[in-house]
Amino acid sequence: MTAYEIPRPTHGDVVELILDDHRLFEALLRDLRDATADREAARAALSAALIAHGEAEEEKVYTQLKRKRAISEDEKEHGEEEHAEGNEKLLALLECRGTDTQKFDDAVEELATALNHHIGEEEQTILNPAREEVSQEVRDELGAVWATRRNELLDEDCGSEENVRRIVEKAHEEGLLPAEDEDE
Ligand SMILES: [Fe+2]
Ligand SMILES: [Fe+2]
């Protein structure tokens, strides 16, 4: 049996839906640190949830909040850069063979650092404007389109190592990530 079933809501207030996923990420990170957990399964679940969440945010939420002038171009771009950074850390975690290694633990902590930073900042600088400057009706509309897109991506196995690699390569091409790390 697989230990993790990713919730698949179809509608709701976009702010609440996004917050629920952020709490899911934190729970999965906790399991990734737990040597008694099924860490292969936790890693696969986190990868799928994280990619579906972030891609759907960029496509459906950031763009609409910017169009409605709730967030600025800078905030949108900064969020995208942080997604790219998180995806790069996620890829390094997916590339670890086996879960009982120092390399795996280090990759978990690198991802946790990037992800915790991003979700904190997103809740403050993107979800607050959504709470304060966008009507309930719009938040519900955004919730439905975001959830629908997220579910489509989950159906497409968006968290596979191959797909995450493709997303990271695209982010490099788009200049969302610094040019190949010279110091590594
Ligand atoms: Fe988010
Ligand atoms: Fe995000």
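Quick summary incoming for the structure in this document. Since the model is a prediction, treat every value here as computed from it, not as a measurement.

**Focus: the overall build of the chain**
1) Next: The number of helices and strands found in the chain is 6 helices and 0 strands.
2) Next: Reading the chain from its N terminus to its C terminus gives the helix and strand order α-α-α-α-α-α.
3) Next: The globule rule puts the C-alpha radius of gyration for 184 residues at 16 Å, and the 16 Å found for the chain is close to it.
4) Next: Its C-alpha atoms put the chain at 50 × 40 × 25 Å along the principal axes.
5) Next: When burial is assessed residue by residue, the chain has 48% of its 184 residues classed as buried.
6) Next: Look at the contacts in the chain between residues 6 or more apart in sequence, and 79% of them connect residues 24 or more apart.
7) Next: Put simply, the chain shows about 9700 Å² of open surface, and 46% of that area lies on carbon and sulfur atoms.
8) Next: For the chain, the distance from the average position of its 22 positive side-chain charges to the average position of its 51 negative side-chain charges is 3 Å.

**Considerations on the coordination of the iron ion (ligand 1)**
1) Next: The iron ion (ligand 1) binds to the protein through H22 (NE2), H53 (NE2), E57 (OE) and E122 (OE), with metal-donor distances spanning 1.9 to 2.2 Å.
2) Next: Between the 4 donor atoms coordinating the iron ion (ligand 1), the angles at the centre fall across 76 to 166°, so the site counts as irregular.
3) Next: Here the donor residues of the iron ion (ligand 1) share one chain and are spaced in sequence as H-x30-H-x3-E-x64-E.
4) Next: The distance between the iron ion (ligand 1) and the iron ion (ligand 2) is 3.1 Å, with E57 acting as a donor to both metals. Of this pair, E57 sits in helix α2 (residues 39-67) while E122 sits in helix α4 (residues 102-133), and the two are 65 residues apart along the sequence.

**With respect to the coordination of the iron ion (ligand 2)**
1) Next: Protein-derived coordination of the iron ion (ligand 2) comes from E57 (OE), H83 (NE2), H118 (NE2) and E122 (OE), at a distance range of 2.1 to 2.2 Å.
2) Next: Bound by 4 donor atoms, the iron ion (ligand 2) shows angles of 83 to 168° at the metal and therefore irregular coordination geometry.
3) Next: Written as a sequence motif, the donor residues of the iron ion (ligand 2) are E-x25-H-x34-H-x3-E.

**Observations concerning the side chain of S47**
1) Next: As for its position among the elements, S47 is in helix α2.
2) Next: Polar contacts involving the side chain of S47 include one to the main-chain carbonyl oxygen of G159, which spans 2.8 Å.
3) Next: Once residues within four sequence positions are removed from consideration, S47 is found in contact with L90, L94, G159 and V164.

Calculation notes
- Residues numbered from 1 in each chain as written.
- Chains lettered and ligands numbered in written order.
- Predicted model: local features only at pLDDT ≥ 70, side-chain atom pairs only at ≥ 80, totals over all residues.
- Heavy atoms only, no water.
- Helix = DSSP H or I, 4+ residues; strand = E, 2+ residues; numbered from the N terminus.
- Rg over C-alpha atoms; globule rule 2.2 N^0.38 Å.
- Buried < 20%, exposed > 50% of the residue type's maximum accessible area, 1.4 Å probe, protein only.
- Contact = heavy atoms within 4.5 Å.
- Areas by Shrake-Rupley, 256 points an atom, 1.4 Å probe, with all protein chains shown as cover.
- Lys, Arg positive; Asp, Glu negative; His and termini not counted.
- Charge placed at Lys NZ, Arg CZ, Asp CG, Glu CD.
- Donors = N, O, S within 2.8 Å, 3.2 Å for Na, K, Ca; no water.
- Tetrahedral: all angles 85-135°; square planar, octahedral: opposite > 155°, others 65-115°.
- Polar contact = N/O pair within 3.5 Å; in protein donor to acceptor, adjacent residues only side chain to side chain.

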